[in-house]
Amino acid sequence: MSKIKVILLDGSEVELNKDATLYDAALKISQKFAKEAIAGIVNGEKKDLNYTLKNNDRIEILTFTSPEGKEIYYHSTSHIMAQAVKELFPQAKLAIGPAIKDGFYYDFDLDRPFTPEDMVVIEKKMEEIIDRNLPLKRIEVSREEANKLFKERKEDYKLELIRDLQDDMLTLYQQGDYIDLCRGPHIASTGKIKVFKLLSIAGAYWRGNEKNKMLQRIYGISFDKKSELDNYLILIEEAKKRDHRKLGKELELFSMHDEGVGFPFFHPKGMVLRNILEDYWKEEHYKSGYTEVKTPIILNKSLWMKSGHWDHYKENMYFTKIDEEDYAIKPMNCPGGILIYKCTLHSYRDLPLRMGELGLVHRHELSGVLHGLFRVRCFTQDDAHIFMTPEQIKDEIKGVIDLTDRIYKTFGFSYHVELSTKPENAMGSDEIWEMATNSLEEALIDKKINYVVNEGNGAFYGPKIDFHLKDCIGRSWQCGTIQLDFIMPEKFDLFFINKEGDKEKPVMLHRTILGSIERFMGILIENFAGAFPLWLAPVQVKLLPIADRHIKYGKDIIKKLTKYNIRVELDEVNDKIGTKIRKTELEKIPYMLIFGDKELEEDLVSVRKRGKGDLGRIKIAKFVKNVLKEIKDKKLP
RNA sequence: GCCCGCGUAGCUCAGUCGGUAGAGCGCAUCCUUGGUAAGGAUGAGGUCACCGGUUCAAUUCCGGUCGUGGGCUCCA
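Note that this is a predicted model, so its numbers are computed, not measured.

A closer look at the overall build of chain A
Next up, step 1: Looking only at helices and strands, chain A has 20 helices and 33 strands in total.
Next up, step 2: The buried share among the 637 residues of chain A stands at 51%.
Next up, step 3: Looking at chain A alone, contacts between residues at least 24 apart form 68% of all its contacts between residues at least 6 apart.
Next up, step 4: Entry remark: accessible area of chain A is about 31600 Å², with carbon and sulfur atoms responsible for 51%.
Next up, step 5: Chain A carries 101 positive and 102 negative side-chain charges, and their two centres are separated by 5 Å.

Topic: the protein's contact with RNA strand B
Next up, step 1: Around RNA strand B sit 50 residues, and of these Leu-181, Asn-574, Thr-579, Arg-582 and Ser-606 come closest.
Next up, step 2: Near the protein, within 4 Å, the atoms of RNA strand B are sugar or phosphate in 47% of cases.
Next up, step 3: At 2.9 Å, a side-chain N or O of Tyr-219 approaches a sugar or linking oxygen of RNA strand B.
Next up, step 4: Note that a phosphate oxygen of RNA strand B is positioned 2.9 Å from one of the side-chain N or O atoms of Arg-245.
Next up, step 5: Going through the elements one at a time, strand 7 (99-100), strand 12 (195-205), strand 13 (214-223), helix 8 (244-250), helix 18 (577-586), helix 19 (597-600) and strand 32 (604-609) are the ones with two or more residues in the surface near RNA strand B.
Next up, step 6: Broken down by element, the surface near RNA strand B gets its largest block of residues, six residues, from helix 18.
Next up, step 7: Tallied by class, residues from the surface near RNA strand B come to 21 nonpolar, ten polar and 19 charged.

As for the pattern of salt bridges
Next up, step 1: A complete count under the given rule lists 53 salt bridges for this structure.
Next up, step 2: A salt bridge links Lys-225 to Glu-228; the shortest N-O distance between them is 3.6 Å.
Next up, step 3: Overall, the relative accessible area of 23% leaves Glu-228 in the partly exposed class.
Next up, step 4: Through salt bridges with shared partners, a single network forms among Glu-87, Lys-125, Glu-128 and Arg-132.

Here we look at the UniProt feature "binding site: Zn(2+)" (unreviewed entry) in chain A
Next up, step 1: Here the UniProt-annotated "binding site: Zn(2+)" (unreviewed entry) positions come out as Cys-334, His-385 and His-510. In terms of the greatest pairwise C-alpha distance, the residues named above, spread along 177 residues, form a tight cluster of at most 7.9 Å across.
Next up, step 2: Tracing the backbone shows Cys-334 in helix 12 (residues 334-343).
Next up, step 3: Those residues in contact with Cys-334 that sit more than four places away from it in its chain are His-385, Met-508 and His-510.

Structural notes on the sheet that holds strand 23 (residues 451-454)
Next up, step 1: Spatial ordering of the open sheet is given by 16-20-21-28-25-24-22-23, a layout of eight strands whose pairing is mixed. Strands with a single pairing partner mark the edges of an open sheet, and in this sheet they are strand 16 (291-292) and strand 23.
Next up, step 2: As paired elements, strand 22 (residues 414-420) and strand 23 share four bridges and run parallel to each other. Bridging across to strand 23, Val-417 finds its partner in Tyr-451.
Next up, step 3: Where helix 14 (residues 430-446) meets the sheet, it contacts strand 22, strand 23, strand 24 (464-470) and strand 25 (476-485), and its direction lies at approximately 155° from that of strand 22.

Regarding the domain arrangement of chain A
Next up, step 1: Each assigned domain of chain A is listed with its residue range as follows: domain 1 (3-63), domain 2 (70-241), domain 3 (262-296 + 335-527) and domain 4 (541-632).
Next up, step 2: A C-alpha centroid distance of 57 Å is found between domain 2 and domain 4.

Re the sheet that holds strand 5 (residues 59-62)
Next up, step 1: The strand order 4-3-5 describes an open sheet built from three strands, whose pairing is antiparallel. The strands lining the two open edges of the sheet, one partner per strand, are strand 4 (45-47) and strand 5. Averaged over neighbouring strand pairs, the angle between their axes works out to 25° when direction is ignored.
Next up, step 2: Against the sheet, helix 1 (residues 22-29) contacts strand 3 (39-42), strand 4 and strand 5, and its axis sits at roughly 80° relative to strand 5.

Remarks on the side chain of Asn-333
Next up, step 1: If you trace the backbone, Asn-333 turns up in the loop between strand 19 (325-329) and helix 12.
Next up, step 2: At 3.2 Å, the side chain of Asn-333 and the side chain of Gln-381 are in polar contact.

Here we look at the nonpolar core
Next up, step 1: The biggest cluster of nonpolar side chains holds 55 residues, and the ones touching the most others in it are Ile-397, Phe-411 and Leu-484.
Next up, step 2: Ranked by size, the runner-up nonpolar core spans 39 residues in total, among them Ile-72, Tyr-106, Leu-110 and Leu-229.

Section: the packing of helix 13 (residues 393-410) against helix 14
Next up, step 1: Look at helix 13 against helix 14: their axes get within 9 Å of each other, and the N-to-C directions meet at 50°. In this view, helix 13 runs oblique relative to helix 14, as classed from their interaxial angle. Pair helix 13 / helix 14 crosses with right-handed handedness. Residues Ile-393, Lys-394, Ile-397, Lys-398 and Ile-401 of helix 13 form the contact with helix 14, whose own contacting residues are Met-435, Ser-439, Leu-440, Glu-442, Ala-443, Leu-444 and Asp-446.

Focus on helix 13
Next up, step 1: Here helix 13 contains 18 residues, and its C-alpha end-to-end distance of 26 Å stays within 8% of the 26 Å for a straight helix at 1.5 Å per residue.
Next up, step 2: When we look at burial in helix 13, the residues that qualify are Ile-393, Glu-396, Ile-397, Lys-398, Val-400, Ile-401, Leu-403, Thr-404, Asp-405, Ile-407, Tyr-408 and Thr-410.

Describing a nonpolar patch on the surface
Next up, step 1: A cluster of nonpolar side chains, namely Ile-297, Ile-298 and Ile-322, defines an oily patch on the protein surface of about 210 Å² accessible area.
Next up, step 2: According to the relative accessible area criterion, Ile-298 is partly exposed, its value standing at 37%.

Description of a negative patch on the surface
Next up, step 1: A contiguous patch of negative charge, built from Glu-144, Glu-145, Asp-167 and Asp-168, is present on the exposed surface.
Next up, step 2: Within the element layout of this structure, Asp-168 appears in the loop between helix 6 (156-164) and strand 10 (169-175).
Next up, step 3: A relative accessible area of 58% places Asp-168 in the exposed class.

Things to note about unusual backbone geometry
Next up, step 1: The residue after Gly-184, namely Pro-185, is reached through a cis peptide bond having omega -5°.
Next up, step 2: Here Pro-185 lies in the loop between strand 11 (178-181) and strand 12.
Next up, step 3: The omega angle of the peptide bond from Leu-351 to Pro-352 is 0°, so this bond is cis rather than trans.
Next up, step 4: Its location among the elements puts Pro-352 in the loop between helix 12 and strand 20 (353-362).
Next up, step 5: One non-glycine residue, Asn-56, lies in the positive phi region at around 70°.
Next up, step 6: Residue position: Asn-56 is located in the loop between strand 4 and strand 5.

Describing the environment of Lys-588
Next up, step 1: In this fold, Lys-588 is placed in the loop between helix 18 and strand 31 (591-595).
Next up, step 2: Residue classification places Lys-588 among the partly exposed residues on the basis of a relative accessible area of 25%.
Next up, step 3: Between the C-alpha atoms of Lys-588 and Gln-540, which are 48 residues apart in sequence, the distance is 9.4 Å.
Next up, step 4: Not counting residues up to four positions away in its chain, the partners in contact with Lys-588 are Leu-247, Leu-251, Ala-529, Gly-530, Ala-531 and Arg-610.

What counts, and at which threshold
Residues numbered from 1 in each chain as written. Chains lettered and ligands numbered in written order. Predicted model: local features only at pLDDT ≥ 70, side-chain atom pairs only at ≥ 80, totals over all residues. Heavy atoms only, no water. Helix = DSSP H or I, 4+ residues; strand = E, 2+ residues; numbered from the N terminus. Buried < 20%, exposed > 50% of the residue type's maximum accessible area, 1.4 Å probe, protein only. Contact = heavy atoms within 4.5 Å. Areas by Shrake-Rupley, 256 points an atom, 1.4 Å probe, with all protein chains shown as cover. Lys, Arg positive; Asp, Glu negative; His and termini not counted. Charge placed at Lys NZ, Arg CZ, Asp CG, Glu CD. Near = heavy atom within 4 Å. Polar contact = N/O pair within 3.5 Å; in protein donor to acceptor, adjacent residues only side chain to side chain. Nonpolar A, V, L, I, M, F, W, Y, C, P; charged D, E, K, R; others polar. Salt bridge = Lys/Arg side-chain N within 4 Å of Asp/Glu carboxyl O. UniProt positions renumbered as here; feature names shortened; annotations may be inferred. Pairing = 2+ DSSP bridges. Axes fitted to C-alpha atoms, helices over the stretch in contact; angles between N-to-C directions. Domains from an automatic or database assignment. Core = buried A, V, L, I, M, F, W, Y, C linked by side-chain atoms within 4.5 Å. Parallel < 35°, antiparallel > 145°, perpendicular 65-115°, else oblique. Left-handed = near helix turned anticlockwise from the far one by under 90°. Expected span 1.5 Å × (residues − 1). Patch = residues over 30% accessible without salt bridge, like charges linked within 9 Å, V, L, I, M, F, W, Y side chains within 5 Å.

Quick look at the structure:
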């Protein structure tokens, strides 16, 4: 019998019998590996395990540990779910059922809604299908055959999908009586799926278009070990515990009311956090050569017509009338900032002009997308507009990158960067786009920052850099953005006087770092799970007297601490010390000072740190000194 | 905006197969004055989201409104 050889990822070669499959290759490496194998990649293409190999093929075996392996595993689980649904509800029509980042979904068109009870039944049926260990067979058919098959099966959505496909030959995957239009690859048989869980039911439009029919989507996830499913469910619980809407209420930071849907109310403790954030922001911006402005919330229609918002952004704007004239509530700060720029004649010597604005903007978001502080209808952008000469672009971008980096690091966030290039509907010439995109790119390269290019995702007026920060449980949030804008200076006829004494058009750079103060607060709440670092904590120190007779001593301590702007509260409730400690731990206050007869005599306090426990007795003055240093250093927990 | 679920005390939730309601936490008062994550007693607090309909009777059933939660291409 003749032999072939294939090349593995690490360059090593494996000798196999002629007509050997990917599975045989895995088996040759080890029994365990073959058992874990999900599918493979042959010469760059994903293939099923029963794919027949040829001499000199470069192969990689995929297991659940790789993202590609997971994707195939999830996708196969979605087919099993669809089969279960079809067996239970033969009248259900199949739409699409892809793998997603965390699991999979399948969309169905069914005459009645799925219920939580249905989920249990579907899960049971899925177990059954997995036990049957049905092979997933790949079938190649012509368009005509595929059409005929899905017509017989009354799968209207599959027929629509086929219509949009270019290929003459299509692939189907079959397991038992279930057949799906699918590119594959898939696991070898249903028995490969070890554990899975259906997570939720939701509505979803056919092809994501709100003009199309609303289908029913079932989400699920699968793993190759039960322990991994358990970990995943724990992570979901952890995220739930950190939900800023829940913590915001419990810690009395903010509230939402029917009287102003999407408009958050900030409570005293929330305002402390907010003011610290804003003060810190102003300080950093001042140090980086920014000035600060504040522009009005309501401005005349004429301004919004000129800026283009009236034509391009009207759907998201609120309007009002003053003295019979039309006004709009600002959805962005730039037109206001531009009016300030235009107030004076600028020399090239004034540039770059960095104008910061914590500007409150209102945008009409669809009611269904509102979500705590993350998606609201009014929010404060930590905006700034930089007016500069084209030559200054690169340096200014580098400056913004530095500032952003410094601010994110202060909160302990890591981040990644995306560069978005010219979109379809862009305004402005190709040259100017190229110049702008190059400036952004060169700045990133100079700064040695890795970035992902997001082709065609720029704003219509210019390319942009986006900053996505990562929180401590691995979720990422788009916050900062740097956008180059050539359109507004044009529309508003902005200019400065150059060295030659001629009028010249400045370039505008629009940027945020935190994004929205409100949203950033939400991110901070979830990242720290409400247990803020000392410098951000609304209450920094809680005073806990052992007995009522020590309250007076507590009042003296308040005076001593507030003198240094340390935020302190005294617990005067008649509880035992254990109870007071418990209450304070739940309020997530960083330090507790406990004092009774033993401390009273010598200006001592007993220090207890949140989550750490008793730190022992210390002089009040020494405690103040330590705390002030921790605040000044903005130490992270 | 659309689909599905939910809306009972300040908070978290139970309950009523239709006869106007209950717990824990919190709050108030009292007893207790206690040394590092829950001492005890008593009490106040609810038009059961809102508006209609069915009914002798609606917090409960039905319809609508508002709010809220999850989701609305990560493409066969």
